[in-house]
Amino acid sequence: MSDDQKPWEVLGSRELLDASPYLKVRAETVRLPDGRTVENFYQLDQPDYALMYVETEDGKVVMLRTYKHGARRVSLTFPAGAIDPGEEPLEAAKRELLEETGYAADDWTALGGFVVGANSKGSTCHMFHAKGARKVAEPDLGDLEDMRIELHSARKLIDAAFALN
């Protein structure tokens, strides 16, 4: 933070919802550096997660086609999943990749952690690039997930992204 930018002061906080471990919602009263007070500045506490761009040994990108209820549609997504308390982001990425896809990789590069929903706190998305992935097991999808593993070329994914606009 630069010297001329000051943090907000939290004067009070009240919990509105505790749906742990997935979501907590709070309303805060904050004082801005210029002295103004803001009531009900909503904060969302969500778990951090890992998101992976995974390439197979022959250069295909591992993707998941699954229904996402928030979006209310079937979506093509990168493998991703929550980081358990005390778990390192890379270990979570490896675990989630294996659980969701049955793939494993030895060549991992961390791409950084990025805050999602920064004004409401949200969570941190830890991004990784995995190369040389190979299928080693069957996915363990859990009882609420219906995912289809798809392998795509990077070009096809870029074309699909531009087709959305």
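Computed from a prediction, not measured in an experiment: that's the story for all the values here.

**Structural notes on the overall build of the protein**
Here comes step 1: Counting its regular elements, the protein contains 2 helices and 11 strands.
Here comes step 2: Ordered by position from the N terminus, the helices and strands of the protein form the series β-β-β-β-β-β-β-α-β-β-β-β-α.
Here comes step 3: Scaling as 2.2 N^0.38, a compact globule of 165 residues should have a C-alpha radius of gyration of about 15 Å, whereas the protein reaches 19 Å, well beyond that.
Here comes step 4: The burial tally for the protein puts 30% of its 165 residues in the buried class.
Here comes step 5: Taking the contacts inside the protein whose residues are at least 6 apart along the sequence as the reference set, 53% of them involve residues at least 24 apart.
Here comes step 6: On the protein, roughly 10,700 Å² of surface is accessible, and the fraction owed to carbon and sulfur atoms is 53%.
Here comes step 7: Averaging the coordinates of the 20 positive side-chain charges in the protein and doing the same for the 29 negative ones gives two points 5 Å apart.

**Some points on the packing of aromatic side chains**
Here comes step 1: One pass over the full model with this rule turns up 3 aromatic pairs.
Here comes step 2: The interplanar angle of 45° and the centroid separation of 5.9 Å between the aromatic rings of Tyr53 and Phe78 together place this pair among those described as tilted. Of this pair, Tyr53 sits in strand 4 (residues 49-56) while Phe78 sits in the loop between strand 6 (73-77) and strand 7 (80-82), and the two are 25 residues apart along the sequence.
Here comes step 3: Looking at Tyr53, the relative accessible area reads 25%, which means it is partly exposed.
Here comes step 4: Considering the side-chain rings of Trp108 and Phe128, the 6.2 Å spacing of their centres and the 80° angle between planes classify their relative orientation as edge-to-face. Remark: Phe128 occurs in strand 10 (residues 121-135) and Trp108 occurs in strand 9 (residues 107-116); sequence separation between them is 20 residues. Like Trp108, the residue Phe128 is buried in the burial classification.

**Here's the deal with the confidence of the model for the protein**
Here comes step 1: Looking at the protein as a whole, its pLDDT mean stands at 91, while 95% of the residues score no less than 70.
Here comes step 2: Ranking the elements of the protein by mean pLDDT puts helix 2 (residues 154-163) last with 83 and strand 8 (residues 103-104) first with 98.

Procedures and definitions
- Residues numbered from 1 in each chain as written.
- Predicted model: local features only at pLDDT ≥ 70, side-chain atom pairs only at ≥ 80, totals over all residues.
- Heavy atoms only, no water.
- Helix = DSSP H or I, 4+ residues; strand = E, 2+ residues; numbered from the N terminus.
- Rg over C-alpha atoms; globule rule 2.2 N^0.38 Å.
- Buried < 20%, exposed > 50% of the residue type's maximum accessible area, 1.4 Å probe, protein only.
- Contact = heavy atoms within 4.5 Å.
- Areas by Shrake-Rupley, 256 points an atom, 1.4 Å probe, with all protein chains shown as cover.
- Lys, Arg positive; Asp, Glu negative; His and termini not counted.
- Charge placed at Lys NZ, Arg CZ, Asp CG, Glu CD.
- Phe/Tyr/Trp six-rings, centres within 6.5 Å; stacked < 30°, edge-to-face > 60°.
- pLDDT = per-residue confidence, 0-100.

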